[in-house]
Structures are given as structure tokens and as C-alpha cells.
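Observations on chain architecture
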Amino acid sequence: MKLSGIRVLDLSQFLPGPHLTMTMADHGADVIMVEPKNGVGEPTRRMGTVARDGQRVWFRNIARGKRSIALDLKDKNDLEAFLALADDADVIVEAFRPGVVKRLGIGYDAVAVRNPRIVYCAISAFGQSGPWRDKPSHDLGVQALAGTLDLSRGFADDKPNMPNLVAADMASSLTALSAILMALLARESTGRGDYIDIAMYDALLAWTPNVTGSVFGEDRAPMPRQMRNYGGQAMNRIYETKDGAHIVLAGNERKFCENLLNALGRSDLADLAAGEPGESQKTLIEFLARTFKARTRPEWEALLAPLDLCWAPVRSLKDAFSDANAAARGMLLRDGAGNPHIGPAIKYANEPAEPCLELPDYAASSNLRWRPRDS
């Protein structure tokens, strides 16, 4: 597979780091979770919903295909065991607060002097430098400070809503994965690894090109309810149906506007539908809201299905994983006992992912060794 022979030590916990190293394991990397020697290990072993086999669903979907070693890095023998593994590792991922790994004696400088080829990735809330360097936070706090939480304002009360996904975790995980792979690629020609400083805050800000227009162009904060992404565009909005369900329109290209409005007998509104978001959309939004409210979701699905149009019913996550499309795309896997797993999103034509659905046992041992490298 793409990452066969790559060795990864994962000191991170919860989601951003573990998810990226699981992705590497799905594609052939030998990943060892370095868990605290506290009798519990990775916190998600004890967090969230318990599945039929007694495993936690969260842990199952960040730890598959990895091995585990439990170490007390303040203990001299365990520290030496970690450094011995680091001597022959390709990648180290850590997500401690800045400065912790240096105090423990396992920071980049300590490892790189022994193993110059190491690619060392640190993921933190606000990075290894800057005024917020030492500020603790998880996803919600990062989203609040990055300004993305403020974009989630409700239409009824114009107050920020709790986010539905951990965007800062997701963005930092994918950014870190990209950075690691680029560093491994560069190492092929230079022979040297690198140190990577990933801030969840930075990763989230980097994903805002489509919503920074007012910030950079007009020096003002965004007004979410007037923006295309947040319902300020009639053709990019959620509508309630007669039965209390919901339909979304999700694209305002001219052809989509015409296709819908022709079907509704209101082709005269096409120019407005394809126009800019904001107050000018109010008349059309009100028309579509009344129109969608007049029929049930099944009736709308039957009417909209033949049209070349960006639309969708609002479904639950259970609906999504139960759908034939998730199965066809390999996004729902089952192990030998029938337990469901989230499938890998990266689809290669050659050497595709081969996720191992086995989970690592928690074992307080310092005798773990790397598997032989592929020839």
C-alpha cells in the first residue's frame, strides 16, 4: 500500500491526531499508539456510546489497525523505550500543550539529533508560538476565537448556535496529514525530516476563503443571514415541508434556478434567483417557503427527482450510513462480528486502503518492537 514501511508513533489523543494516524494505518503504515500508563490509556476507550461488543464506537473509529504501548514518559526506563522506538520511526505525532514534550525529553530536538529523518508533527489549539500559545482549548473554543462559531447564528434569534461538527479538529487533522505527507515526500530527496507546527486555529482560518469577503473587502464582520452559505440566498437554503420535514436547495447556478422555477410556473423569478444574496432575495425566499410548505417531503422528492437541480432531503446520520450509497462507496464496513465501522474516504485506483478492523489491546509494556520494514 502507499504507506507500507512507514512507521508512526502517535502520542495524541481524542480526534485530530488519532484520526490522521488511523488514515495512515488504513494505507499501510505501522502505527503505534503511545498511551499513558494510567490503567486507562487513550481516553476514548472509556468515552461515548458502547457498541454491542462492549467497545466504544469512538475508539473503534480512531484506533483500528494500530498497535499500542503504555508508557510513563516520566519514568527513565519508559522514556528510553520511547526513544528507542523513535530512533527507527518515520513520523511522530503529538498533541500535548506546547512545551510538554520538551520537558519530557522527547521533543523534536531530542529526537532529531538521534534520528535526523524524523517527521515530527505537533498539533495544538493555537500553535507553538504567539500570544495564545499556552491557552488550553478544544474544538469549541477554537471555533469561537476563530470567528467561525459566530457564523452559525440562527434565523430566529440571531445568536450563535452550537456547531454540528468539530470543524477545527477536522481541519487540523487533514492539514496535519497533508503536511506529514509533503514532508515525507521531500525527505526522499533531502534525506532530512522536518518539524511541523499545526494550530487548530490556523487550520480553521485557512478554510475561510468563501466567507472573508466582507472582512477583507469591506473591513467589517460578516452578516451570516445575508450570506449565500448561511441562507441568504434563496437557492441555497433549508425549507420546511408540509409534514414538518425539510428540503434543501443547494446551488444557484442559472440553469438550476430556471429548472426549478419553470417547474413551479414562476420562470419570471429566474433573474432574482440567480442574483446576489441578501435583502434582494427576501421576496423569492418567502415565495419558496410558502411553496415548499404546501406539500410533504415525499411529494417534493417525487417532483424534484427528475429535475437537473441541486437539492436534497435533510436526513439523519443514521439515514446516511443506512443508505445504499454509503455501502457502494465503502463508507460502511463491518468486521467479522458484524460491528459497523466508518470506511476510508481516500479511494486509490492502485494500492487502495486495506483497513484492519482489529483494535489494539491496552498493555503496559515497554517491549514493543517495530514490524520488519517491507522490502
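Model, not experiment: these values are computed from the prediction. (Residues numbered from 1 in each chain as written. Predicted model: local features only at pLDDT ≥ 70, side-chain atom pairs only at ≥ 80, totals over all residues. Heavy atoms only, no water.)

**Section: the overall build of the protein chain**
What counts here: Under the DSSP-based scheme used, a helix requires at least four consecutive residues in state H or I and a strand at least two consecutive residues in state E, with every element numbered from the N terminus. Relative accessibility thresholds used throughout: buried, under 20% of the residue-type maximum; exposed, over 50%; partly exposed, between the two (1.4 Å probe, protein chains only). Note on contacts: a residue pair qualifies if any of its non-hydrogen atoms lie within 4.5 Å across the two residues. In summary, the charge assignment counts Lys and Arg as positive and Asp and Glu as negative, without counting His or the chain termini. The location of each charge is read from NZ of Lys, CZ of Arg, CG of Asp or CD of Glu.
Of regular secondary structure, the protein chain possesses 15 helices and eleven strands. In terms of principal-axis extent, the alpha carbons of the protein chain reach across some 75 × 50 × 40 Å. Per-residue burial over the protein chain gives 43% buried out of 375 residues. Contacts spanning at least 24 positions in sequence make up 66% of the contacts within the protein chain whose residues lie at least 6 apart. Here the protein chain contributes 45 positive and 47 negative side-chain charges, whose respective centroids are spaced 2 Å apart.

**Some points on the sheet that holds strand 9 (residues 311–313)**
To be explicit about the condition: In this description, strands pair whenever DSSP reports at least two bridges between them. Convention adopted: a line fitted to C-alpha atoms gives each axis, helices being fitted over their contacting stretch, and angles between N-to-C directions are expressed from 0 to 180 degrees.
If you trace the three strands from one edge of the open sheet to the other, you get 7-8-9, paired in antiparallel fashion. At either end of the open sheet lies a strand with only one pairing partner, and these are strand 7 (236–240) and strand 9. The average undirected angle you get between the axes of adjacent strands in this sheet is 20°. Of the strand pairs in this sheet, strand 8 (residues 246–250) and strand 9 are connected by three bridges, and their pairing is antiparallel. For Val248, the partnering residue across the bridge sits in strand 9 and is Ala312.

**Brief notes about the sheet that holds strand 6 (residues 194–199)**
Strand order in the open sheet made by the six strands is 3-2-1-4-5-6, with parallel pairing throughout. Single-partner strands in this sheet number two, and they are strand 3 (67–71) and strand 6. Sheet twist, expressed as the mean angle between neighbouring strand axes with direction ignored, is 20°. Across the sheet, helix 1 (residues 16–26) is in contact with strand 1 (7–10), strand 2 (30–36), strand 4 (91–94) and strand 5 (119–124); its angle to strand 1 comes to roughly 160°.

**Quick word on the pattern of salt bridges**
Cut-off, in case you're wondering: Salt-bridge detection follows one rule: a side-chain nitrogen of Lys or Arg within 4 Å of a carboxyl oxygen of Asp or Glu.
Within the structure shown, the criterion is met by 22 salt bridges. Ionic pairing is found between Glu35 and Arg45, a salt bridge with its closest N-O pair at 2.8 Å. Highlighted residues: Glu35 in strand 2 and Arg45 in the loop between strand 2 and helix 2 (57–63), separated in sequence by ten residues. One exposure class covers both Glu35 and Arg45, and it is buried. One salt bridge connects Arg254 with Glu258, and the closest N-O pair in it is separated by 2.9 Å.

**Digging into the layout of surface pockets**
Any empty space left between the atoms is revealed when a probe the size of a water molecule rolls over them. Using the following cut-off: Cavities and pockets are found on a 1 Å grid laid over the protein atoms alone: a cavity is a set of points where a 1.4 Å probe fits but cannot escape, a pocket is an open set with protein on both sides within 12 Å along at least five of seven lines, and a lining residue has an atom within 4 Å of such a point. Grid points are joined across faces, edges and corners, and a volume is the space filled by probe spheres set on the points. Under the grouping applied here, Gly and all other residues not named as nonpolar or charged are polar, the nonpolar ones being Ala, Val, Leu, Ile, Met, Phe, Trp, Tyr, Cys and Pro and the charged ones Asp, Glu, Lys and Arg.
Approximately 1,500 Å³ is the volume attributed to the largest pocket. Along its surface, the largest pocket is lined by 45 residues, and His19, Asn61, Leu317, Phe321 and Ile342 are the ones closest to its centre. Among the secondary structure elements, those contributing two or more residues to the lining of the largest pocket are helix 1, helix 2, helix 6 (139–146), helix 7 (167–190), helix 14 (317–322), strand 10 (332–334) and strand 11 (340–342). Of the residues in the lining of the largest pocket, the class split is 25 nonpolar, twelve polar and eight charged. Quantified by volume, the second largest pocket comes out at close to 1,100 Å³. Contributing to the lining of the second largest pocket are 29 residues, with Leu151, Ser152, Asn164, Asn229 and Tyr230 lying nearest its centre. At the level of elements, helix 7, strand 7 and strand 8 are the ones that each hand at least two residues to the lining of the second largest pocket. Per-element tally for the lining of the second largest pocket: the top contributor is helix 7, with four residues. The class makeup of the residues in the lining of the second largest pocket is 18 nonpolar, ten polar and one charged.

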